Structures are given as C-alpha cells and as structure tokens.
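Breakdown of the fold
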Amino acid sequence: MIRSDVLVIGAGLSGLMAAYVSAKRGKRVTLLTYGEGTLTVNSGVIDFLGYDSAHRRVLNLQEAIGRLSAEHPYYKIGSKALGEAADCFKELVSRYGMPYVGSLDKNQMVITAVGTEKPTGLAPKMLAAGEVLPGKKRIVVVRVRGLKDFYGEIMVENLKKTLGEKLIYESIEIKTNLADGRDFTTQDVARWLDAPEGRQSFVAQLGTVKKDGRTLIVVPQILGTFGTSAYQELCAELTADLVETTCLPPSVNGMRLQRIFLDELRVLGVDIIGNSKAIRAAFDGKRASAVIAKTVSNERLYYADKFILATGGFYSGGITMRDFEQPKEMVFGLPVAFTAGEKNWSNAELFSDRPQGFAKAGIRVDDSLRPADSAGAALFENIYVVGRNLAGYDFCFEHSGNGVAIGSAYKAACM
C-alpha cells in the first residue's frame with residue numbers, strides 16, 4: 001500500500017509549489033503527474049494582479065487586491081498567506097541562483113515578445129525590464145536568424161510606441177551554429193548559449209553595437225536554460241544591460257523554474273510519480289481515503305491523509321464539460337460553480353474589456369480552500385483545491401494566474 005501524508009495531483013506551478021511547501025514542513029509527499037505540467041508554456045513571472053475589474057492597470061497591488069469580491073481566490077487566501085507565499089517562492093529561486101525582483105507593493109514592467117508592456121509582480125532579474133530602463137538612451141533588439149515567433153522589426157515599432165520616440169532604436173541579427181534549413185526555438189538557442197563557444201560567438205557578433213551604461217540590449221528568452229550564469233557573464237562581457245522578453249511556447253523561463261522545483265523536490269524526498277493519470281477517488285464519509293491513478297499498464301491506489309487538487313481546471317483537463325452546463329471535475333467529482341446561460345458563457349471578443357464567463361468557472365471553496373457548497377460549508381475535510389481549479393477569477397483578463405497559483409498552493413500546504 002502506498003501511503004503519504006500529502007498527495008498532490010498535478011505538476012503545474014500550483015502543484016509544484018504545494019508539494020514543495022508541504023515537504024518543507026516535514027510531510028511525506030507524493031506528487032502525481034500525468035504530463036510535463038504547464039510551466040513549459042508559462043512565462044514563469046508571477047502576476048499577482050495586472051488589471052482591475054474595469055481593465056485599468058493596477059499600480060498599488062495591495063490596495064487593488066483588497067477591493068476584490070468575496071468570490072475571488074485572493075479573498076480566501078488572504079493577504080498574510082499571499083505575502084508569505086511570495087517570500088517563500090523568492091527564497092527558493094534565490095537559493096538556486098535565479099533571484100526574482102519585485103514585491104506585493106507594486107507592479108513592475110516586463111517586455112513581451114511583440115514589444116508591448118506587461119505588468120507583473122515578481123520577475124527574474126533577466127526579465128525585469130522596469131529595473132534597468134531608467135536612464136537608458138538606446139535600445140538594441142537582437143534577432144536570431146531562423147528563430148521562430150520572434151520578429152525584431154515588429155518589436156522595434158511597438159517599443160517606440162511603448163517607450164517613446166525619444167530613445168534611439170536599433171535592430172541587429174545574429175547567427176548560431178544550429179542546423180541550417182530548419183526553424184528552431186528559444187530553447188535551442190538557450191542551449192547554444194549554455195556553452196562557452198555560444199556565448200563567445202554572441203558577444204563577437206554584437207561587437208559593432210555601441211555598448212555602455214545607457215544601452216539596453218533586448219533579446220528573446222535565450223539567456224541559458226538554467227539559472228543566471230549565462231546572463232551575468234554576457235552582461236559583464238558586453239558592458240551593457242540585457243533583458244529578455246516573454247515568449248511564445250516553449251518558455252525557457254518556465255523550464256528554468258520547473259527545473260528548480262523538481263530539483264528541490266528530489267532533495268526533500270518527494271516521491272514524484274510520472275505518467276499517472278488520477279481518474280477517481282475513494283471516500284470514507286466526508287474524507288477522501290485514496291486516489292486511483294491509471295498508468296500505461298494498470299491502476300494503482302495512492303492513500304493519503306490530505307489531498308491537494310492542482311489539475312489546472314479547464315485549461316489542463318482537470319475540469320471538462322462535454323455537455324453544456326454540465327461541467328465535471330475529473331478526480332473527486334466535486335461540484336463546479338459556473339456562470340449559467342449560454343449568452344453569459346463568453347464575450348464576442350476573446351480579448352475584450354470584460355472577463356470571460358467560462359474563465360471564472362471552477363470549484364467553490366471555504367476559507368481553508370476546501371471544496372464548499374453554495375452556502376460556504378466544506379464538503380470534504382481533507383481535500384484542498386488550488387490554482388486554476390478555483391472559481392471566481394479570470395486569470396487571463398486580470399493577469400493573476402501565477403499569483404493565485406503560489407498563494408493558494410502555499411495556504412493549502414499549510415492547512
């Protein structure tokens with residue numbers, strides 16, 4: 001019989017964070033994962049709240065979070081747990097050589113892959129454009145020949161709109177030793193820059209660029225696959241500040257973050273079970289007793305005293321809806337709260353100035369993050385719900401996804 005103190009289902013950011021905090025508190029933890037998790041398609045920056053309900057950019061995070069409705073996950077998490085989660089996260093990534101900057105006090109700015117601004121709460125130093133932009137006079141955008149989904153000329157035009165016409169803008173293309181005749185990704189280029197030869201070539205090809213304290217070099221998400229060693233070396237060699245943009249998948253920064261969590265979970269003795277899809281649960285009254293997971297060859301039971309559900313909601317198949325207005329949570333059969341009526345399910349425009357009804361669907365929880373009925377009473381004593389499974393928020397509209405992920409994971413692990 002396989003038994004743990006805590007069983008975490010799902011290996012996205014909320015699942016990894018829940019497993020980490022649980023293990024750090026001395027619990028025996030099993031992490032069940034069916035796929036690779038979502039961090040490979042996740043920017044890895046921690047958006048707490050970028051926009052309010054009127055889609056105005058949030059300047060004072062604490063104040064804006066305090067104005068959210070009682071149905072929002074942050075109301076259940078509470079400011080104390082959210083602050084502790086941010087500190088816990090920053091301590092972990094700093095220990096692995098990838099410090100994040102920022103706080104819960106105010107948003108900062110990162111640059112997107114098309115040259116627009118994105119507000120976020122915490123970002124690794126190599127993405128934190130707002131930290132290094134003051135005083136800059138020249139922006140140099142680096143293009144990589146053959147790289148998919150990064151268009152330097154479009155970025156320059158949008159940066160002019162974002163940062164203003166008074167700055168000097170320049171674009172330069174570099175070549176790699178990657179195979180000619182095929183498209184490659186940011187991950188491929190990051191691996192090239194992991195090697196000393198790649199970094200030397202990068203510096204040499206930027207030799208014509210005037211580099212000084214007033215120059216900012218903007219690159220795709222390519223500055224090495226782990227930590228900040230490549231970033232630090234290149235900044236020193238070029239005598240200029242570098243900053244990465246966010247990017248389309250695969251996300252190199254998400255992979256860096258995933259590697260940190262997985263390495264730390266192994267150090268803490270977490271039992272990571274891959275290729276196992278949780279399909280149903282066993283119950284003893286108001287307590288879950290086990291989860292049944294399906295592998296390629298058989299089904300296995302995983303017993304635990306506590307269960308943390310981090311299966312990603314609609315976005316990762318944790319919640320499905322094959323028949324309209326009959327959404328289903330796939331492991332415990334928990335009731336799903338959602339906006340009724342087809343006309344309220346979505347807006348005509350995907351990226352509109354209003355939240356999407358479908359995006360706010362999820363599991364209603366009590367103040368301990370246990371699944372609750374419409375009156376707020378807990379349905380089960382030892383099941384906790386985290387991340388995008390939670391009802392009451394549109395992470396895409398608000399830019400709040402990773403903040404809810406680490407905050408809810410931290411609180412659930414501490415309950």
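Presented here is a report on the structure given in the accompanying data block. (Residues numbered from 1 in each chain as written. Predicted model: local features only at pLDDT ≥ 70, side-chain atom pairs only at ≥ 80, totals over all residues. Heavy atoms only, no water.)

A separate point is helix H12 (residues 401-414). Between its first and last C-alpha, H12 extends 20 Å over 14 residues, near the 20 Å set by a 1.5 Å rise per residue. In terms of residue burial, H12 counts as a mostly covered element, since 13 of its 14 residues are buried. (Helix = DSSP H or I, 4+ residues; strand = E, 2+ residues; numbered from the N terminus. Expected span 1.5 Å × (residues − 1). Buried < 20%, exposed > 50% of the residue type's maximum accessible area, 1.4 Å probe, protein only.)

Right, let's get into helix H6 (residues 152-163). The end-to-end C-alpha distance of H6, which contains twelve residues, comes to 16 Å, matching closely the 16 Å that a straight helix rising 1.5 Å per residue would cover. Taken together, the buried positions of H6 are Gly152, Met155, Val156, Asn158 and Leu159. Taken together, the buried residues of H6 touch strand S4 (108-111), strand S7 (138-144), strand S8 (168-174) and strand S9 (215-219). Just downstream of H6, glycine 164 is the residue with a positive phi angle, here 105°. (Contact = heavy atoms within 4.5 Å.)

Our next topic: a nonpolar patch on the surface. Taken together, Val114, Tyr151 and Ile154 make up a surface patch of nonpolar side chains, about 290 Å² in accessible area. Checked against the element boundaries, tyrosine 151 lands in the loop between S7 and H6. (Patch = residues over 30% accessible without salt bridge, like charges linked within 9 Å, V, L, I, M, F, W, Y side chains within 5 Å. Areas by Shrake-Rupley, 256 points an atom, 1.4 Å probe, with all protein chains shown as cover. Salt bridge = Lys/Arg side-chain N within 4 Å of Asp/Glu carboxyl O.)

On to the side chain of threonine 30, then. Among the secondary structure elements, threonine 30 is positioned in strand S2 (residues 29-32). Classification of threonine 30 as buried rests on a relative accessible area of 3%. Apart from residues lying up to four places away in sequence, threonine 30 is in contact with Ser4, Val6, Leu7, Val8, Asp271, Ile273 and Tyr302.

Below, the discussion takes up the pattern of salt bridges. The tally for this structure, following the rule as stated, stands at 23 salt bridges. Residue aspartate 366 is joined to arginine 370 by a salt bridge in which the shortest nitrogen-to-oxygen separation is 3.0 Å. On the accessibility criterion, aspartate 366 (9% relative accessible area) is buried. One continuous salt-bridge network, built from bridges that share partners, spans Lys24, Glu91, Arg95 and Glu264.

Turning to the packing of helix H1 (residues 13-24) against H12, a few remarks are in order. Axis separation between H1 and H12 bottoms out at 8 Å; the angle between their running directions is 30°. In terms of their interaxial angle, H1 and H12 are classed as roughly parallel. Crossing angle aside, the handedness with which H1 passes H12 is right-handed. Seen from H1, the contacting residues are Leu13, Ser14, Met17, Ala18, Val21 and Ser22; seen from H12, they are Asn402, Ala405, Ile406, Ala409, Tyr410, Ala413 and Cys414. For the contact of H1 with H12, the residue count by class is ten nonpolar, three polar and no charged. (Axes fitted to C-alpha atoms, helices over the stretch in contact; angles between N-to-C directions. Parallel < 35°, antiparallel > 145°, perpendicular 65-115°, else oblique. Left-handed = near helix turned anticlockwise from the far one by under 90°. Nonpolar A, V, L, I, M, F, W, Y, C, P; charged D, E, K, R; others polar.)

This part is about the pairing of strand S14 (residues 299-309). Looking at chain direction, strand S1 (residues 2-9) and S14 are connected through seven bridges and run parallel. The partner of leucine 7 across the bridge, within S14, is phenylalanine 307. Relative to S14, strand S13 (residues 287-294) is paired through five bridges, and the arrangement is antiparallel. Pairing of valine 291 across the sheet is with tyrosine 302, part of S14. Here S13 folds back onto S14 in antiparallel fashion, the turn holding four residues. For S14 and strand S17 (residues 383-385), the ladder comprises three bridges, and the chain directions are parallel. Among the inter-strand pairings, isoleucine 308 is bridged to a residue of S17, identified as tyrosine 384. (Pairing = 2+ DSSP bridges.)

So, on to the nonpolar core. Within the largest apolar cluster, 79 residues are counted, with the highest numbers of intra-cluster contacts made by Met17, Phe48, Phe89, Phe261, Val291 and Phe332. Discounting chain neighbours no more than four positions away, the residues touching phenylalanine 48 are Leu61, Tyr74, Leu82, Ala86, Ser103, Leu104, Gly121, Leu122, His399, Ser400, Gly403 and Ile406. Counting residues in hydrophobic clusters, the runner-up holds 48 residues, among them Leu133, Val140, Val141 and Val209. (Core = buried A, V, L, I, M, F, W, Y, C linked by side-chain atoms within 4.5 Å.)

On to the sheet that holds S7. Hydrogen bonds along the backbone pair up the strands of a sheet, which may run parallel or antiparallel. Across the sheet, four strands lie side by side as S8-S7-S9-S10; this open sheet has parallel pairing. This sheet does not close on itself; its edge strands, each paired only once, are S8 and strand S10 (241-244). Within the sheet, the average angular offset between the axes of one strand and its neighbour, ignoring direction, is 25°. In the sheet, S7 pairs with S9 via four bridges, with the strands oriented parallel. By the bridge assignment for S9, valine 141 is matched with valine 218. Seen against the sheet, H6 touches S7, S8 and S9 and runs at an angle of roughly 155° to S7.

Moving on: the side chain of aspartate 52. Topologically, aspartate 52 is positioned in the loop between S2 and helix H2 (61-66). When its relative accessible area of 13% is taken as the criterion, aspartate 52 is described as buried. Among all residues touching aspartate 52, those that are not within four sequence positions of it are Val58 and Phe397.

A few words on the packing of aromatic side chains. A complete count under the given rule lists seven aromatic pairs for this structure. Taken together, Tyr20, Phe89, Tyr100 and Phe261 form an aromatic cluster joined through their ring pairs. Above the ring of phenylalanine 395, the side-chain terminus of arginine 388 is found at 3.8 Å from the ring centroid. (Phe/Tyr/Trp six-rings, centres within 6.5 Å; stacked < 30°, edge-to-face > 60°. Lys NZ or Arg CZ within 6 Å of the ring centre and 35° of its normal.)

What describes two packed helices is the angle between their axes and the distance between those same axes. Two elements in contact, helix H8 (residues 196-205) and helix H9 (residues 229-238), have axes whose closest approach is 10 Å; the angle formed by their N-to-C orientations is 35°. Where H8 crosses over H9, the handedness of that crossing is right-handed. Along the contact surface, H8 presents Arg199, Phe202 and Val203, while H9 presents Ala230, Glu233, Leu234, Glu237 and Leu238. Residues that form the contact of H8 with H9 fall into these classes: five nonpolar, no polar and three charged.

Summarising burial for S7: five of the seven residues are buried, a large majority. Sheet topology note: the S7/S8 ladder contains seven bridges and is parallel. When the bridges of S8 are listed, arginine 143 appears paired with glutamate 173. As a crossover connection, the stretch from S7 through H6 into S8 is right-handed. (Right-handed = clockwise from strand over helix to strand, strands pointing away.)

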